[in-house]
2 protein chains.
Amino acid sequence: MSVLVVGTVAFDTIETPSGSDKTLGGSAMYASAAASFFAPAQLIGVVGDDFEAQHLRFFERLGVGLQGLERRPGKTFHWAGRYSADFSNRETLATDLNVLADYSPKLPDKLRDAEILMLANIHPQQQIEALSQARMPRLVALDTMNLWIDTCRDDLQRALKQVDLLILNDEEARQLAQTPQLVKAGEALLKMGPRRVVVKKGEHGVLCFSEEGSFGFPAYPVADVVDPTGAGDCFAGAMLGCLASERALDESAYRRAMVYGTVLGSFVVEGLGPEKLRSLTRKEIETRRKELLQFAAAPNF
Amino acid sequence: MSVLVVGTVAFDTIETPSGSDKTLGGSAMYASAAASFFAPAQLIGVVGDDFEAQHLRFFERLGVGLQGLERRPGKTFHWAGRYSADFSNRETLATDLNVLADYSPKLPDKLRDAEILMLANIHPQQQIEALSQARMPRLVALDTMNLWIDTCRDDLQRALKQVDLLILNDEEARQLAQTPQLVKAGEALLKMGPRRVVVKKGEHGVLCFSEEGSFGFPAYPVADVVDPTGAGDCFAGAMLGCLASERALDESAYRRAMVYGTVLGSFVVEGLGPEKLRSLTRKEIETRRKELLQFAAAPNF
């Protein structure tokens, strides 16, 4: 099965304790790139005429399909942010929507039969539009952000009724569920529609809630974080890519997918933007996956 | 083997979103109580003449030995604190040292041969005094707090040179190591003396660093936190109690001990102060340990 990722493609300006730099960004960029290590991935999004051949090559080298990437007159979506010293907080310095402002996702006819659809972080209305064009997806996942929870909760809740899998971070989970306790938030979010809720907690790992039981897994202990941007999108993309390669979407498959999500998230934070993904190999992924399982291995009793 | 716990015994006044209440408190109270579920435990500490028979009965019922509990004229140490709505922050409202102010721990002769010594959170100078009276402990563990890192770093670092196991929370780890990144902090703390560093992250689980490799484990997903006070002390006490019941103190034994630490921590937060420990049974502990292992179970690949 292949993964169809709808979301943003951006230029990011990122300030970390070690400096400021421009890089490729966007939820669909990170998610489709991460998914491509596990399954064929296609990207649905929009860029401006400042998006050059070198940027397209990033996707081409990874094998991400660009049939659904629109190019429009104007500038590509731009985001600028600054991280705190321990990377636990980030401040948005600029959000220039540019060509994203009046973008309406269009799924080329060939892609409407995608079995796995990932609605990466973008306006909920744009997520709903994309979803309405998919014919019979086997699995629909949705990621979101604090801005949409604040400004268009109704659209978001409408979207949630149509998805199988909600993927969001801990702050967003608390905000969307309107409860400070994370376990209660997980239970509340399940009632909003999705059959499964995955809460990404950055360096603290992942929590997953579903009727089949909950799951907790630690993050890989990265010694030197360079830039956390995109870790959550890579987690989600890798997770969906893995699920696309599974026969049965059972609890075990979901857990495997979250382990691989954790691995991809751990790689991407080691470089600026998606830098680490350019040269990452499946062999490095498997080596780290084994290290991670050893790190998290429960003892015998 | 038995566990000898040195630390504070207190009366706590605790404010949570659901109200304010007085309860038994103190690092050695929680740690010795938790340890007692796994091994014989003894407590070294001091109380005032306001510490009544009903309070002593708490320890007696658990089988915690009180030969090293001094009773002095004056009031018992009192701590008051207030938790934020999501329990992620707490503010100290009062610290009345009372009889703790000029306390000097004394190990009764019979207890000086203790094989496992836990220096629970108390002034580092008092930890050093207690340690100097132990004859040949097989394992010495130390817990501390932000106040001592701020005000007596030198004493604390002297103590750290003499301990095997450092147990502290993530904020304290960053503060003591003077680095915002937790993995780097773990590495820096190992250089201060202990062979093993256990970082307690509350609802986010535990991280352990040692030469034998690192370990990450999630917290049990408690649905309804009532009062997080003492969770870290219970984690540490249960951990030491478990180690006391192990033949070989290898990586596997440490991991088992941290799993049980996680279990005891998860129980204590479900009630005010040490309330849940009064009626807790070994059977309940085993049931939750199995649930926790299921919750954290890595999938097959």
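About the cut-offs
For every chain, the first residue of the written sequence is number 1, and numbering continues from 1 along that sequence. Following the order in which they are written, the chains are lettered starting with A and the ligands numbered starting with 1. Given that the model is predicted, a residue must reach a pLDDT of at least 70 before its local features are reported, and side-chain atom pairs must reach 80 or more before they are shown or counted; all residues, however, enter totals for whole chains, interfaces and linings. Side-chain calculation: all heavy atoms of the structure are included, whereas hydrogens and water are not. A run of H or I in DSSP counts as a helix once it spans at least four residues, and a run of E counts as a strand once it spans at least two, with each numbered from the N terminus. The globule rule is 2.2 Å times the number of residues to the power 0.38, and the radius of gyration it is compared with is taken over C-alpha atoms. In this scheme, a residue with accessible area under 20% of its type's maximum is buried, one over 50% is exposed, and one in between is partly exposed, where area comes from a 1.4 Å probe on protein chains only. Throughout, a contact is declared for two residues whenever any of their heavy atoms are within 4.5 Å. Defined here as a combined quantity, buried area equals the accessible surface (1.4 Å probe) lost by two parts on assembly, summed across both. For salt bridges, the criterion is a side-chain nitrogen of Lys or Arg within 4 Å of an Asp or Glu carboxyl oxygen. Counted as a polar contact is a pair of N or O atoms within 3.5 Å, where, for protein atoms, one must be capable of donating a hydrogen and the other of accepting one, and residues adjacent in sequence contribute only when both atoms are in side chains. Just so you know the grouping, Ala, Val, Leu, Ile, Met, Phe, Trp, Tyr, Cys and Pro go in nonpolar, Asp, Glu, Lys and Arg go in charged, and all remaining residues, Gly too, go in polar. At least two DSSP bridges between two strands are needed for those strands to be called paired. Here, axes are lines fitted to C-alpha atoms. For helices the fit covers the stretch in contact, and angles between N-to-C directions go from 0 to 180 degrees. When describing relative orientation, an angle under 35 degrees is termed roughly parallel and one over 145 degrees roughly antiparallel, while 65 to 115 degrees is termed roughly perpendicular and anything else oblique. Crossing handedness is read from the near helix: turned anticlockwise from the far helix by less than a right angle, it gives a left-handed crossing, and turned clockwise, a right-handed one.

Engineer: How should the overall build of chain A be read in this particular structure?
Structural biologist: Helix and strand counts for chain A stand at eleven helices and 13 strands. A globule of 301 residues ought to have a C-alpha radius of gyration of about 19 Å, and chain A, at 18 Å, matches this closely. C-alpha extents for chain A along the principal axes are approximately 65 × 40 × 35 Å. Burial status across chain A gives 60% buried among its 301 residues.

Engineer: For this particular structure, what's the right way to read the interface of chain B and chain A?
Structural biologist: With 40 residues of chain B at the contact, the number on the chain A side is 40 residues. Carbon and sulfur atoms make up 58% of the area that chain B and chain A hide from each other, which totals about 3300 Å². Three residues, His204(B), Phe295(B) and Phe301(B), lead the burial of chain B against chain A; their summed loss comes to 20% of the area buried on that side. The interface formed by chain B and chain A contains four salt bridges. Here Arg174(A) ties to Glu203(B) by a salt bridge, and the two come within 2.7 Å at their closest N and O atoms. Here chain B and chain A share 16 residue pairs in polar contact (both at pLDDT 80 or more) between them. For the side of chain B that touches chain A, the secondary structure elements donating two or more residues are α6 (170-177), α7 (182-190), β13 (215-217), α9 (251-268) and α11 (282-295) of chain B. Top contributing element to the side of chain B that touches chain A by residue count: α9(B), with five residues. Taken together, the residues that form the side of chain B that touches chain A break down as 22 nonpolar, seven polar and eleven charged.

Engineer: What am I meant to see in the side chain of Gln127(A) here?
Structural biologist: By the element assignment, Gln127(A) lies in helix α3 (residues 124-133). Classification of Gln127(A) as buried rests on a relative accessible area of 0%.

Engineer: What exactly am I supposed to notice about the sheet that holds strand β8 (residues 116-119) of chain A here?
Structural biologist: Strand pairing in a sheet relies on backbone hydrogen bonds, with the paired strands running either antiparallel or parallel. Residues and elements named next belong to chain A. Read across the open sheet, the nine strands follow the order β5-β4-β1-β8-β9-β10-β11-β12-β13; overall the sheet is mixed. Whereas interior strands pair on both sides, the edge strands pair on one side only; in this sheet they are β5 (65-71) and β13 (215-217). Here the strands of the sheet are splayed against their neighbours by 15 degrees on average, with no regard to which way each runs. By the bridge criterion, three bridges tie strand β12 (residues 206-210) to β13 in an arrangement that is antiparallel. The residue bridging Leu207 from the neighbouring strand is Gly216, located in β13. Strands β1 (3-6), β8 and β9 (139-143) of the sheet are contacted by α3, whose axis makes an angle of about 165 degrees with β8.

Engineer: When you look at the packing of helix α1 (residues 27-35) of chain A against helix α8 (residues 231-244) of chain A in this model, what are you seeing that I'm missing?
Structural biologist: Residues and elements named next belong to chain A. Contact geometry of α1 with α8 gives a least axis separation of 7 Å together with a crossing angle of 40 degrees. Relative to α8, α1 is oriented oblique. For α1 against α8, the interelement crossing comes out right-handed. Contacts between α1 and α8 involve Ser27, Tyr30, Ala31, Ala34 and Ala35 from the former and Asp233, Cys234, Gly237, Ala238 and Gly241 from the latter. Classifying every residue of the contact of α1 with α8 by side-chain character gives six nonpolar, three polar and one charged.

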